[in-house]
Amino acid sequence: MAANWLAAHGQWQVISGGCVVASQPVLNIMSSANVNSLFWIKSLEASEEGTTQRVLDDLEPFLSKLGVPFQVFTPKTSAELLSYLSDIESYAQAGARPMIHIDTHGGPDDGICIIGANGDEFVPWNVVCDSLRSINIATGNNLCVVSAACFGFYVVKHNDIHKPVPFYMLVSSSKTLSFKFTEAQTFGFYKCIFEELDFIKGYNEYLASEMELFLCEKLFAISLSRYFRFKCMGKGGKKRVEDLVTMALQGRIPPTPANLSFLRQAARQHIKPSEALFSKYASTYFIGKSPGFTFSDVIKFVRARA
C-alpha cells in the first residue's frame, strides 16, 4: 500500500532551516530536514469543522498544484488514530518524509482527544510520543509535527535523550489555542514552507506569537547541558563523587587515605563530561544524523552559564 502510494506522486520538497539560538550566552545550532508530504489528522465537534474546512479549501489546491502528497484523516476512536499513525510509519519506510498536522483538542494530563459517536477518548501523550518516535525512526529523524491541539507541548515531557527523538521538529503550545488564530495563520505557514522551503521563517512570521518551536537539537542540547551542569560539575558533581566513593566503601574497601584519594580521583574521571559520552547519547538520539553542534560547543555553553 505504501509503495503504491509513493509511486503515484512526483517530486519531493526539501525543507531547510536556519539556526536555533538559546538564551544568552548563545549556542548556535544549524538545522535541516527533508519533508515531502503532509498528513492532516483532525477530530473536532461538528460546530468547529468550518474553521478547519476554510483552511483546507486554500491548502488542498495549493499543495496539489505543487505536487505535494496530502491526506486528511478523521479518526473516530483512539485505536483508529494509532492505526493511522502506524500507516504513516509504513509510508515513511517506503520513502515519505512527512509533516503531521494534529487538528484536535488536547489536555495537559489526558493527551489528544478523539471525538467519536460513542463518546470522547483520550490518547495519552506518552503513547502519542511513542508512535511519533516510530515514525521518526523510519524517516531517519526528519519528522516534522505541527500540533494545534491545546497543550500539545506536553508531548515533549516524554522526550528522553536515552531514546531516539520522537520528532525532528515540533510546533505546538503549552496553553489553549484559539480557532481564530489557527484559521488566520495556518495556510500562510504552510505556504511559506512549501514555496520558500524555510520552516523557521514560516514559524517566525505566522505561529511564533502563540506557539513554540522545539527542534530536536535544542532539546538535546538543553537536556545534556543540564546533565553536565548539575550532575557532573559544581555541587552536583561533588555529591556524585562522594556517593560513588560511599558505594565503593560498602564493598569493604578499607577507608584508608590512599584508598579514598584513589576512589575520588576515579569517580571524578568517571563522571567527567567527555566526547565519548556526547557521542554515545547523540548517536541514539539523532537516529544517525549529526547534530548541528559539537561537544566543545556544549561545554563552552555550560561553563559560560555556570
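Note that the structure is a prediction, hence the values are computed from the model and not measured.

1. Focus: the overall build of the chain
In step 1: Of regular secondary structure, the chain possesses 11 helices and 10 strands.
In step 2: Residue pairs at least 24 apart in sequence account for 72% of intrachain contacts in the chain once pairs closer than 6 positions are excluded.
In step 3: In the form shown here, the chain has an accessible surface area of approximately 14,600 Å², with 52% of it arising from carbon and sulfur atoms.

2. A short note on helix α3 (residues 78-93)
Each turn of an α-helix holds 3.6 residues, which means side chains three or four residues apart point in the same direction.
In step 1: A rise of 1.5 Å per residue sets the reference length of α3, with its 16 residues, at 22 Å; its end C-alpha atoms lie 23 Å apart and thus fit the reference within 8%.
In step 2: Of all the residues in α3, the buried ones are Ser 78, Leu 81, Tyr 84, Leu 85, Ile 88, Tyr 91 and Ala 92. Looking straight down α3, one finds its buried side chains confined to an arc of 130°; they lie on one side. Opposite the packed face of α3, turned more than 90 degrees from it, sit the exposed residues Ala 79 and Gln 93.
In step 3: One or two residues past the end of α3 sits Gly 95, with phi positive at roughly 125°.

3. Quick notes on the pattern of salt bridges
In step 1: Applying the stated criterion across every chain, the model contains eight salt bridges.
In step 2: In this structure, Lys 191 and Glu 195 form a salt bridge, with 2.9 Å as the shortest nitrogen-oxygen distance. A residue pair is termed a helical-turn pair when its members lie 3 or 4 positions apart in one helix, as Lys 191 and Glu 195 do in helix α5 (residues 179-196) at four residues.

4. Regarding the packing of α3 against helix α4 (residues 125-139)
In step 1: Relative to each other, α3 and α4 sit at 10°, their axes nearing to 7 Å. Between α3 and α4, the angle is such that the two are roughly parallel. α3 and α4 meet at a crossing whose hand is right-handed. Taken together, the residues of α4 that come into contact with α3 (itself represented by Leu 82, Leu 85, Ile 88, Glu 89, Ala 92 and Gln 93) are Val 127, Ser 131, Ser 134, Ile 135, Ala 138 and Thr 139.
In step 2: Classifying every residue of the contact of α3 with α4 by side-chain character gives seven nonpolar, four polar and one charged.

5. Observations regarding the packing of helix α7 (residues 216-232) against helix α8 (residues 234-249)
In step 1: Between α7 and α8, whose axes approach to 4 Å, the crossing angle comes to 60°. Our classification of the angle between α7 and α8 gives oblique. Between α7 and α8, the contacting residues are Tyr 227, Arg 229, Phe 230, Lys 231 and Cys 232 on the first element and Gly 234, Gly 236, Gly 237 and Arg 240 on the second.
In step 2: Residue composition of the contact of α7 with α8, by class: three nonpolar, three polar and three charged.

Reading the values: the criteria
- Residues numbered from 1 in each chain as written.
- Predicted model: local features only at pLDDT ≥ 70, side-chain atom pairs only at ≥ 80, totals over all residues.
- Heavy atoms only, no water.
- Helix = DSSP H or I, 4+ residues; strand = E, 2+ residues; numbered from the N terminus.
- Contact = heavy atoms within 4.5 Å.
- Areas by Shrake-Rupley, 256 points an atom, 1.4 Å probe, with all protein chains shown as cover.
- Expected span 1.5 Å × (residues − 1).
- Buried < 20%, exposed > 50% of the residue type's maximum accessible area, 1.4 Å probe, protein only.
- Arc of directions from axis to C-beta.
- Salt bridge = Lys/Arg side-chain N within 4 Å of Asp/Glu carboxyl O.
- Axes fitted to C-alpha atoms, helices over the stretch in contact; angles between N-to-C directions.
- Parallel < 35°, antiparallel > 145°, perpendicular 65-115°, else oblique.
- Left-handed = near helix turned anticlockwise from the far one by under 90°.
- Nonpolar A, V, L, I, M, F, W, Y, C, P; charged D, E, K, R; others polar.

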